[in-house]
Amino acid sequence: MSPETANPSPRQTQLLEAAYRYALTHGLADLSLRPLAEAIGSSTRVLMFLFGNKDGLVRALLERGRADELALLARLRQADRPVGLVPAADRVWTWLAADEHRPLLRLWAEAYTRSLVEPDGPWAGFAKATVDDWLDVLAACQPPSERDAEDGVIRRTLTLAVLRGALLDLLATDDVPRVTAAVQRQLALLRREDGDES
């Protein structure tokens, strides 16, 4: 949320959650305030008052979606005993491939793409922020000796590229078995690099 909405009212939180559910179903590309307001039991005037304008609402929705993404990633962090890059990637893929996460991930893909083609819009910085978020979490999953090595950066970048590419393929085709098999093949290669044949 923007600084002016850092401490939202209960009504603002309620409307943001309703708008987020609406966006998960309808996307953001053709978001129009009037149908949205009607669908969530509000008015365009109230939405404008609470979020400033449509761009402000879109930014708040992107932050709300990012919060769901970060909640998943936070569960992978174990500062005292890093889980390892491959097990972390395996858990992330299981989450990404689950049917119930498709609406969130379609919203993520839309925001990621819009951020690349409309860098000055409400999506500004979204793609870079999500790459940074995921690389940071993958780094936290690596043991310190791997994390801090040059090869550690390359391994987590490759892992992220595989997960992101597979996710886009999955969103386009819904072919879970094929895409999961490809991800598992790549993770097996990473395990072999670690000397783990399991």
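I will try to describe carefully the structure that is included in this document. (Residues numbered from 1 in each chain as written. Predicted model: local features only at pLDDT ≥ 70, side-chain atom pairs only at ≥ 80, totals over all residues. Heavy atoms only, no water.)

Quick word on the overall build of the chain
Now for step 1: A tally of regular secondary structure across the chain gives 10 helices and 0 strands.
Now for step 2: In sequence order, the secondary structure elements of the chain are arranged as α-α-α-α-α-α-α-α-α-α.
Now for step 3: Projected onto the principal axes, the alpha-carbon positions of the chain cover approximately 60 × 35 × 30 Å.
Now for step 4: By the burial criterion, 43% of the 198 residues in the chain qualify as buried.
Now for step 5: Intrachain contacts of the chain at a sequence separation of at least 6 include 63% that bridge at least 24 residues.
Now for step 6: About 10500 Å² of surface is accessible on the chain, with carbon and sulfur atoms providing 54% of the total.
Now for step 7: Here the chain contributes 24 positive and 29 negative side-chain charges, whose respective centroids are spaced 4 Å apart. (Helix = DSSP H or I, 4+ residues; strand = E, 2+ residues; numbered from the N terminus. Buried < 20%, exposed > 50% of the residue type's maximum accessible area, 1.4 Å probe, protein only. Contact = heavy atoms within 4.5 Å. Areas by Shrake-Rupley, 256 points an atom, 1.4 Å probe, with all protein chains shown as cover. Lys, Arg positive; Asp, Glu negative; His and termini not counted. Charge placed at Lys NZ, Arg CZ, Asp CG, Glu CD.)

Structural notes on the pattern of salt bridges
Between side chains of opposite charge, a pair can form when the charged atoms approach closely.
Now for step 1: The full count for this structure, using the stated rule, is 13 salt bridges.
Now for step 2: Taking the shortest distance from any N to any O, the salt bridge between Arg66 and Asp133 comes out at 2.7 Å. Here the residue Arg66 occupies a position in helix H4 (residues 54–76), and Asp133 occupies one in helix H7 (residues 126–141), the gap between them amounting to 67 residues.
Now for step 3: Looking at Asp133, the relative accessible area reads 12%, which means it is buried.
Now for step 4: Of the charged contacts in the structure, one is a salt bridge between Asp174 and Arg102, with a shortest N-O distance of 3.4 Å. (Salt bridge = Lys/Arg side-chain N within 4 Å of Asp/Glu carboxyl O.)

A few points about the packing of helix H5 (residues 85–97) against helix H10 (residues 176–193)
Now for step 1: The N-to-C vectors of H5 and H10 enclose an angle of 175°; their axes lie 10 Å apart at closest approach. Looking at the two axes, H5 sits roughly antiparallel to H10. Contacts between H5 and H10 pair Val86, Ala89, Asp90, Trp93 and Ala97 from the former with Val176, Val179, Thr180, Val183, Gln184, Leu187, Leu190 and Arg191 from the latter.
Now for step 2: Tallied by class, residues from the contact of H5 with H10 come to 9 nonpolar, 2 polar and 2 charged. (Axes fitted to C-alpha atoms, helices over the stretch in contact; angles between N-to-C directions. Parallel < 35°, antiparallel > 145°, perpendicular 65-115°, else oblique. Nonpolar A, V, L, I, M, F, W, Y, C, P; charged D, E, K, R; others polar.)

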